[in-house]
Amino acid sequence: MRPSQSKLTLTHSTRSCTYRAGVGGGSATVGHFGSKRGRKTSGSLSFNLCSMKVSCVQTVLAINAHSNPKINTTCTSIHQAGTASGLTSNHVIQVLKSYSDPRQALGFFFWAARQKQFMHTTYSYNSMLEILGRTRMVKEMACILDLMQKQRCRLNSQTYLIILRNLGIAGGLEQVPSALEKMKKSGLILSDFAYNGLIGLLIKSGFRKEAMVVYRKMISEGLLPSLKCYSVLMGACGEMGDTGQVMGLLAEMRKLGLRPNVYTFTLCIKIHGRAGKVDAAWGLWRQMKEEGCKPDVVLFTTLMDALCNAGRLDEATALLKEMRSNKCRPDSITYNTLIDKYGDCGHVDAAWELWKEMIADGCAPTVVTFTTIINALCKGGKIEEALAVLDEMVERGSSPNLYTYNSLIGGLLKNNRLEDAQKFFQVMHNKGCDPTSLTYSLFIDYHGKNGEADEAYEMFLQMKKKGISPNVVSFNVCIDSLGRVGRIKEVNELFEEMKQIGLSPDVITYNIMICCYAKAGKVDEAIGMTLKMIESGCDPDTVTNNTLIDILYKEDRTDEAWEMFHKMQQMNLPPTVITYNILVDGLGKDGKVKEAIELFQRMRETGCPPNVITHNSMLSGLCKNKEVDLAFKIMQEMTENGCYPDEITYNILIDGFIKTNRIDEACQLFEDMKKKFSPNLVTLGTLLPGLAKAGQMDYALRVFKEFYDVMGLLPGDVACAALIDGLGRVGRLDEAILIYEEMLAKGGSQYIYVVRSLIKSLCRAGRVYDAHKVFEESKVRGVAHDTIAYNTLIDWLCKADHMHIAWDLFKQMKKSGCNPNVYTYNAFFDALGKAGKMDDAFKLLDEMRARGCKMNTVNYNTLISGLVMAGRVDEAIDLYGHMVKRGYLLSPSTYGPLIDGLGKAGRVFEANHFFQEMVENGCRPNCAVYNILMNAFGKVGDVDEACQLFERMVAEGIKPDVKSYTILIDSLCMVDRVDEAFHFFVELKSSGLKPDTIVYDIIIDGLGKAEKFEEAFKVFEEMKNSGSVPNLFAYNSLIGHLGKVGMMEEAGEVYAELLSRGYEPNVATYNALIRMFSIAGRVDRAYAIFEEMMASGCEPNPLTYSNLPNEF
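Since we're looking at a predicted model, the values are computed, not measured.

Procedures and definitions
Residues numbered from 1 in each chain as written. Predicted model: local features only at pLDDT ≥ 70, side-chain atom pairs only at ≥ 80, totals over all residues. Heavy atoms only, no water. Helix = DSSP H or I, 4+ residues; strand = E, 2+ residues; numbered from the N terminus. Rg over C-alpha atoms; globule rule 2.2 N^0.38 Å. Buried < 20%, exposed > 50% of the residue type's maximum accessible area, 1.4 Å probe, protein only. Areas by Shrake-Rupley, 256 points an atom, 1.4 Å probe, with all protein chains shown as cover. Lys, Arg positive; Asp, Glu negative; His and termini not counted. Charge placed at Lys NZ, Arg CZ, Asp CG, Glu CD. Phe/Tyr/Trp six-rings, centres within 6.5 Å; stacked < 30°, edge-to-face > 60°. Lys NZ or Arg CZ within 6 Å of the ring centre and 35° of its normal. Expected span 1.5 Å × (residues − 1). Contact = heavy atoms within 4.5 Å. Polar contact = N/O pair within 3.5 Å; in protein donor to acceptor, adjacent residues only side chain to side chain. Axes fitted to C-alpha atoms, helices over the stretch in contact; angles between N-to-C directions. Parallel < 35°, antiparallel > 145°, perpendicular 65-115°, else oblique. Salt bridge = Lys/Arg side-chain N within 4 Å of Asp/Glu carboxyl O. pLDDT = per-residue confidence, 0-100.

1. Considering the overall build of the protein
Okay, step 1: The helix and strand inventory of the protein stands at 61 helices and two strands.
Okay, step 2: Whereas a compact globule of 1112 residues would reach a radius of gyration of roughly 32 Å, the protein reaches 51 Å, over 25% beyond that.
Okay, step 3: Across the 1112 residues that make up the protein, the buried fraction comes to 48%.
Okay, step 4: For the protein, the computed accessible surface area is about 53,400 Å², with 51% contributed by carbon and sulfur atoms.
Okay, step 5: With 125 positive and 130 negative side-chain charges, the protein shows a spacing of 18 Å between the two charge centroids.

Have a look at this one:
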């Protein structure tokens, strides 16, 4: 080194750096900046440079400018700075950059540090570090870094990036934590100040994990983080929802002797509140008070906000009182918080009271406060009060802003005050407060939800014409509006337009699109939209999956629905209560009760407790599958689990009890319900029909009256119809008519089911004319009768043989535009068939076909039955052939009349052939068909075949009825096989069936004919004791058979009993007595009976004369 060159030496220790300037040959000049001796200050910057005037700096720049003309501008700046007696960081940076020799730059850097009223900034330090780093002067860099920290100058990201580059470490700021050890070895040591700053810098840059690494490093080196550093770390952990880490940091703070202040507690409480851990927030509040830290207005407000977000408004209100008692005056933000949350939760009255308290407290409302209370009032439907607050706002000199107007417009639209909303829309324009896309979106949403898709779309187009670019929300509400009415083509166009203008559909957009496709029945397209959603980088959320699961279940694609449920878990999307509700409901409807219960129980285990909707779905599924006891048990357990039954819960259980015929339990549950809720129309629509069916009409009428008196409403049409039907069935038609009159007076034409029910009840009671009168009167009162009403009355008129009225009603029906259907025509077919007027029936059939009304199986069966009754069996068989050719469903009602007609015509073989054909065609014979064929065989004396049919019927699991046994017993008695007949009589009783009068008559007659009088009298006594009153046939049978064998005394006793019971002897009675006396040779007595018979007005028949003695 030549003596004229400067020699700079830097020595560096851990916490200080010393600058020594020396010269070769003892010269006092160091480059252009000289000093005769150095000066050293331990632990601080020391250098041996004299204070220099700005002119010297200018000289340096002039010399450097000789080789670099660009420095001329810097020279000028320094000159100007000198004249202004000030030196700036920018000037220093410019000079530093002008040096090609880093040592000279370093000398200038220290010289600048000595100037009065000048202090290096982060940027000038970074420039110096950059210059030193280029030549790998790491020790000098360490000295500058140390000085930077001592002067408490902030190290920014650029500082660290410079250091990393010069240490040969690639990457960005996130590499600093891993580079700390290498920095230390190179002498680049960070102080507590730098560590605190670095942690903040990493957090700000989004490197939370790296910040925690630096924090741990800092602690390991024995350095103490600042309160601010802890706050920054806690805030970062809080944003990630990591409350455990926050509490860990708080504990470490205390361990290091740092006492949390009010700001720390506020932050921790805020973090726990946002995470929904309100009880933990309360715990921190108590800790703070125990430690003597006095809460301020911000802390009170923060805790109130957490409580409000958790729905614990009562506790928030109590905290407000505590705040006042602590002489901590709430500010506008406190009130804003509470008013806003009360409004969100629907507690508008409480929000309004808070507003009044705020005014009374002298707390001046801000624009935000006014807007908040207006928004709360609008949400609660208190529009007039909101408008009054708006007037007060203007009077106080506060100008409504965009949010104020949007709140008002939203509230007005929510309450269907479109015109008022439009007025405020115009006021916004006039006041210079231009509507935004949100304002337009409110109108689009309103029209869409009201089914006014055209108006919604027009508003969307108007927004674009005004130069307002639609945002994602605008597109979403417009797509939803069009999707609600199935305009899929326009929905797709809007979706594409949205992407074309550079807007990325969000998860809500995709969810709306999926719903649109689902409503249009395009399930595969809905699933396809989900795939597009994933491809676009937009992750499905629980709403997406819930929607897909729901539509798949509704489309009976249950396997795919469950596959979607399992995919949710793979996508780390925890099922919500809505997800479980859909699945529980679906399993219940599918009858998979066990699986539904398992899923229901799993909910609580997975931290997603069932809500009232889940319980209702579960109860509904159980009740539909007749598991009512288990449903009732689950309902009772609801309260224990913190979930309370609602009206729907009670309605489901009442319906379950009704459908399982447990009426008393349904009534008890209804009484319990009344203690908590007012029964609604659904309740009565369930209970009244059940009570009516069970015949509990007094209780039903009481329920009806209570509902009417309390609610001022009549139960629904169906419930009242059931009530009228029930009253009709127990013969209380006058009360039914009173209810009918009351309902018509209240509702007029809307109660068509009530009218129908009364007509049917009157018809059932044989009051067909009254039914017709009700029908005509109700028409005058505005009831528009439908086909069912006409059919009901026509059918009963036909059955009552009032054919002329039925025909008139039929004509009236056609004239009114109410088209007759197959059931209308069938009523006439049946009546004409029974009257033997089959030609007229077929003419009516021609009219039916001409009107385009296609025959059904019932019509064919009725016509076949009519032909059989008219003795036109072969025509009935032909009609059956047409029926088979056309592929109509064949039933026992088809075959029964044919087999019966053939049997009665003695064509038993053909009857049996049809029976076999019936079986071959897959039509299972019922008990009635078996009875018909058994009777046919019995009548022709083929009793064995009849018995075999009976055995076959039993073997096929068809339970014989009384008629089955009657036919068999009668057939056996006719061929004198009385013992077998008596065996079947005993079997009839042992099978649980009750013998009727006919079967008693047959068996008594059979036993008498076989001269088994002891058994006959036992059966006769049994008949009387069973409640079946013996008729004349039984008495005549006994008298006849006793008289035939000369048991005149016993026959006389039977005759005496006959008279004592008030029976009038008929021709059969007299014939039996005449025959008895004739056989006994008592001619005079036989003639006396004959004279008595003639005197009574009973006409003799040929058998009477044949029984009289020959002397006659």
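2. Some words on the packing of aromatic side chains
Okay, step 1: One pass over the structure, following the stated rule, counts 30 aromatic pairs.
Okay, step 2: Taking the centre distance of 5.0 Å and the plane angle of 65° together, the rings of phenylalanine 775 and tyrosine 790 count as edge-to-face. Pair noted here: phenylalanine 775 is in helix H42 (residues 768-780) and tyrosine 790 is in helix H43 (residues 787-799), with a separation of 15 residues, a long-range link.
Okay, step 3: For the pair phenylalanine 950 and tyrosine 965, a centre-to-centre distance of 5.2 Å together with 65° between the ring planes defines the contact as edge-to-face. With phenylalanine 950 in helix H52 (residues 943-955) and tyrosine 965 in helix H53 (residues 962-974), this pair connects stretches of sequence that are 15 residues apart. Taken as a pair, phenylalanine 950 and tyrosine 965 share a single burial class, namely buried.
Okay, step 4: Among the aromatic residues, ring-to-ring pairing joins Trp807, Phe810, Tyr825 and Phe828 into one connected group.
Okay, step 5: Stacked on the ring of tryptophan 796, the Lys or Arg lysine 799 has its end atom at 5.1 Å from the ring centre.

3. With respect to helix H47 (residues 857-869)
Okay, step 1: Helix length check: H47 (13 residues) gives 18 Å between terminal C-alpha atoms against 18 Å at 1.5 Å per residue, within 8%.
Okay, step 2: Taken across its 13 residues, H47 has 10 buried, putting it largely inside the fold.
Okay, step 3: Those residues of H47 that fall on the buried side of the exposure criterion are Thr857, Asn859, Tyr860, Asn861, Thr862, Leu863, Ile864, Gly866, Leu867 and Val868.
Okay, step 4: Elements that come into contact with the buried residues of H47 comprise helix H45 (822-834), helix H46 (838-850), helix H48 (873-885) and helix H49 (892-904).
Okay, step 5: Its side-chain oxygen placed 3.2 Å from the backbone nitrogen of valine 858, asparagine 856 serves as the N-cap of H47.
Okay, step 6: Of the residues one or two after H47, glycine 871 is the one with positive phi, at around 75°.

4. Focus on unusual backbone geometry
Okay, step 1: Even without being a glycine, asparagine 661 presents a positive backbone phi close to 60°.
Okay, step 2: Following the sequence through the fold, asparagine 661 ends up in the loop between helix H35 (647-659) and helix H36 (663-676).
Okay, step 3: A relative accessible area of 61% means that asparagine 661 is categorised as exposed.
Okay, step 4: Located in the positive-phi region is aspartate 801, a residue other than glycine, with phi close to 65°.
Okay, step 5: Looking at the secondary structure, you find aspartate 801 in the loop between H43 and helix H44 (803-815).

5. Some words on helix H14 (residues 278-290)
Okay, step 1: Here H14 is 13 residues long and its end C-alpha atoms lie 19 Å apart, about the 18 Å a rise of 1.5 Å per residue gives.
Okay, step 2: Regarding H14, the residues found buried are Val278, Ala281, Trp282, Gly283, Leu284, Trp285 and Met288.
Okay, step 3: Glycine 292 sits one or two positions beyond H14 and adopts a positive phi of about 80°.

6. Some remarks on the packing of helix H25 (residues 472-484) against helix H27 (residues 507-519)
Two quantities define a packed helix pair, namely the angle between the helix axes and the distance between the axes.
Okay, step 1: Viewed as axis vectors pointing N to C, H25 and H27 meet at an angle of 5°, and their least axial separation amounts to 9 Å. Relative to H27, H25 is oriented roughly parallel. Residue-level inspection shows Val472, Asn476, Ile479, Asp480, Gly483 and Arg484 of H25 in contact with H27, the latter providing Ile508, Thr509, Ile512, Met513, Cys516 and Lys519.

7. A look at the environment of alanine 631
Okay, step 1: For alanine 631, the location among the structural elements is in helix H34 (residues 628-638).
Okay, step 2: C-alpha separation for the pair alanine 631 and leucine 653, spaced 22 residues apart in sequence, amounts to 7.4 Å.
Okay, step 3: Aside from chain neighbours lying at most four places away, what touches alanine 631 is Leu619, Leu622, Cys623 and Leu653.

8. Brief notes about the environment of arginine 417
Okay, step 1: With respect to the helices, strands and loops of the structure, arginine 417 is situated in the loop between helix H21 (402-414) and helix H22 (418-430).
Okay, step 2: The exposure class assigned to arginine 417 is partly exposed, which follows from its relative accessible area of 23%.
Okay, step 3: Separated by 314 residues in the primary sequence, arginine 417 and glycine 731 place their C-alpha atoms 52 Å from one another.

9. Some thoughts on the pattern of salt bridges
Okay, step 1: Scanning all chains against the criterion turns up 52 salt bridges.
Okay, step 2: The salt bridge involving arginine 487 is made with aspartate 454; its shortest N-O contact spans 2.6 Å. Here the residue arginine 487 occupies a position in the loop between H25 and helix H26 (488-500), and aspartate 454 occupies one in helix H24 (residues 453-465), the gap between them amounting to 33 residues.
Okay, step 3: Under the relative-accessibility criterion, arginine 487 is labelled partly exposed at 22%.
Okay, step 4: For arginine 557, the salt bridge goes to aspartate 524, with nearest N and O atoms at 3.0 Å. Of this pair, arginine 557 sits in the loop between helix H29 (542-554) and helix H30 (558-570) while aspartate 524 sits in helix H28 (residues 523-535); the two residues are 33 residues apart in sequence, bridging distant segments of the chain.
Okay, step 5: In this structure arginine 557 comes out as partly exposed when scored by relative accessible area, which is 23%.
Okay, step 6: Here aspartate 524 falls in the exposed class, since its relative accessible area comes to 51%.
Okay, step 7: Beyond isolated ion pairs, a larger network of salt bridges with shared partners links Glu671, Lys674, Arg702 and Glu706.

10. Concerning the confidence of the model for the protein
Okay, step 1: Across the protein, the average pLDDT comes to 83, with 91% of residues at or above 70.
Okay, step 2: A low-confidence stretch, residues 1-77 stays under pLDDT 50, and its non-local contacts, those more than four residues away or across chains, total 121 contacts.
Okay, step 3: Throughout residues 79-85 the model reports pLDDT below 50, and contacts reaching past four residues in sequence, or to other chains, amount to five contacts.

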